[in-house]
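# Descriptive structure summary
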Amino acid sequence: MTESFAALAGTRSIDVAIMPISAYNPWIQSHSTPEQAVQMANAAGARFVVPVHHQTFRLSLESFRDRSNAFEAALSKTPERIALREVGETFMVPCSALV
């Protein structure tokens, strides 16, 4: 978790933030939780969020789907901001976001 993302807000339009949501237990000093990832994307003013580093390999003590579930819960008020929900999906930035 860092304040660096807030420094980005307002400096430019950020359409997509790619945020890691895994391997934080026991490495919380090095990795963010799903909730922290959403907080940082929000601080930067990102319109969409792509979660990464989850559901591929077991790297830590979190259970396999808990990270994705926690990420979705953190964005439950704005679920349209979740760019990808499953590994292998594709996402295209809507044209209105590019204007």
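That block above? That's the structure.
Bear in mind that the values here come from a model prediction, so they are computed numbers and not experimental data.

Time to look at helix 3 (residues 66–74). Listed in full, the buried residues belonging to helix 3 are Arg67, Ser68, Ala70 and Phe71. The arc that holds every buried residue of helix 3, seen down its axis, measures 165°, which confines them to one face. Along its buried surface, helix 3 packs onto helix 2 (34–44) and strand 2 (48–52).

What follows deals with the environment of Asn25. Inspection of the secondary structure puts Asn25 in the loop between strand 1 (16–20) and helix 2. Taking the C-alpha atoms as reference points, Asn25 and Thr11, separated by 14 residues in sequence, lie 33 Å from one another. Not counting residues within four places of it along the chain, the set of residues in contact with Asn25 comprises Ser60, Leu61 and Glu62.

By the definition in use, this model includes two salt bridges. With a closest N to O distance of 3.2 Å, Glu86 and Arg65 form a salt bridge. Of the two residues, Glu86 is situated in the loop between helix 3 and helix 4 (95–98) and Arg65 in the loop between strand 2 and helix 3; the sequence distance between them amounts to 21 residues. Across the pair Arg85 and Glu72 runs a salt bridge, and its minimum N-O distance is 3.2 Å. Taken together, the residues span a long stretch of sequence, with Arg85 in the loop between helix 3 and helix 4 and Glu72 in helix 3 at a distance of 13 residues. The class of Arg85 is partly exposed, set by a relative accessible area of 31%.

Thresholds applied
Within every chain, residues take consecutive numbers counted from 1 along the sequence as written. At least 70 in pLDDT is required for a residue's local features to be given in this predicted model, at least 80 for side-chain atom pairs to be given and counted, and no such filter applies to totals for whole chains, interfaces and linings, which use all residues. Based on all heavy atoms of the structure, the side-chain values leave hydrogens and waters out of the count. In this scheme, a residue with accessible area under 20% of its type's maximum is buried, one over 50% is exposed, and one in between is partly exposed, where area comes from a 1.4 Å probe on protein chains only. We count a stretch as a helix when DSSP gives it H or I for four or more residues in a row; a strand needs E for two or more, and each element gets its number in order from the N terminus. An arc is given here, and it is the one of the directions from the helix axis to the C-beta atoms. Contact criterion: two residues are considered in contact whenever any of their non-hydrogen atoms come within 4.5 Å of each other. Between Lys or Arg on one side and Asp or Glu on the other, a salt bridge is scored when a side-chain nitrogen of the former is within 4 Å of a carboxyl oxygen of the latter.

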